[in-house]
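Inside the fold
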Amino acid sequence: VQLQASGGGLVQAGGSLRLSCAASGGTVSGYVMAWFHQAPGKKREFVAAISGSGRNPYYADSVKGRFTISRDNAKNTVDLQLNSLKSEDTAVYYCAAEYSARAWYTSVSQYDLWGQGTLVTVSS
């Protein structure tokens, strides 16, 4: 399975973006899917994750109430809706996947599959 992230761009503070991660080469219905972000000079950090069924989203405290993760197993995609963006949300956003029946993981090391990243820049 390969992952391809898209949807990044430049947006003003308070604005919105929708990121999408498309999987190819196999179905991701049995995978935990997640988004991480990495700001310049910082470690890659967990943003949100969702179980294979789509019933168990989990968010980092910093994005709770502003970001929404969703998935469409029929289309083999997972999206991240980013609302009320702040300058500190500026980062490269990566989608990740791990074959598991668990609800979610929050550590980089727990995911085997990664997309190439898409840049989100929030101007203040």
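On a predicted model such as this, the values are computed, not experimentally measured, just so you know.

1. Observations regarding the overall build of the chain
When you go through the chain residue by residue, the secondary structure sums to zero helices and 11 strands. Listed by position from the N terminus, the elements making up the chain come as β-β-β-β-β-β-β-β-β-β-β. For 124 residues, the compact-globule formula gives about 14 Å, and the C-alpha radius of gyration of the chain, at 13 Å, lands near that figure. The principal-axis extent of the C-alpha atoms belonging to the chain is close to 40 × 25 × 25 Å.

2. Some details on the pairing of strand β5 (residues 45-50)
For β5, the tally of buried residues reaches five of six residues, placing the bulk of the element in the interior. Two strands pair when backbone bridges link them, and strand β4 (residues 31-38) and β5 are joined in this way by five bridges, in the antiparallel orientation. When the bridges of β5 are listed, Met33 appears paired with Ile50. Remark: six residues form the turn of the hairpin made by β4 and β5, two consecutive strands paired antiparallel; Gly41 in that turn has positive phi of roughly 80 degrees. Where β5 lies against strand β6 (residues 58-59), two bridges are found, and the strand directions are antiparallel. Paired with Ala48 across the bridge in β6 is Tyr59.

3. Structural notes on the pattern of salt bridges
Evaluation of the coordinates by the stated rule reveals three salt bridges. Where Lys64 meets Asp61, a salt bridge forms, and the shortest distance between an N and an O atom there is 3.1 Å. Here Arg66 and Asp89 are joined by a salt bridge, their closest N and O atoms 2.7 Å apart. Residue Arg66 is located in the loop between β6 and β7 (67-72), and its partner Asp89 is located in the loop between β8 (77-82) and β9 (91-99); the two are separated by 23 residues in the primary sequence.

4. Looking at the pairing of β9
The buried fraction of β9 is high, at seven of nine residues. When β4 meets β9, the two strands line up antiparallel, connected through eight bridges. Counted as the bridge partner of Ala34 is Ala96 from β9. For β9 and strand β11 (residues 118-123), the ladder comprises three bridges, and the chain directions are antiparallel. Within β11, the residue paired with Ala91 across the bridge is Val120. In terms of strand pairing, β9 meets strand β10 (residues 113-114) through two bridges, oriented antiparallel. By the bridge assignment for β10, Ala96 is matched with Trp114.

Thresholds, definitions, all that
- Residues numbered from 1 in each chain as written.
- Predicted model: local features only at pLDDT ≥ 70, side-chain atom pairs only at ≥ 80, totals over all residues.
- Heavy atoms only, no water.
- Helix = DSSP H or I, 4+ residues; strand = E, 2+ residues; numbered from the N terminus.
- Rg over C-alpha atoms; globule rule 2.2 N^0.38 Å.
- Buried < 20%, exposed > 50% of the residue type's maximum accessible area, 1.4 Å probe, protein only.
- Pairing = 2+ DSSP bridges.
- Salt bridge = Lys/Arg side-chain N within 4 Å of Asp/Glu carboxyl O.

As far as function goes, none of this settles anything; it's purely spatial.
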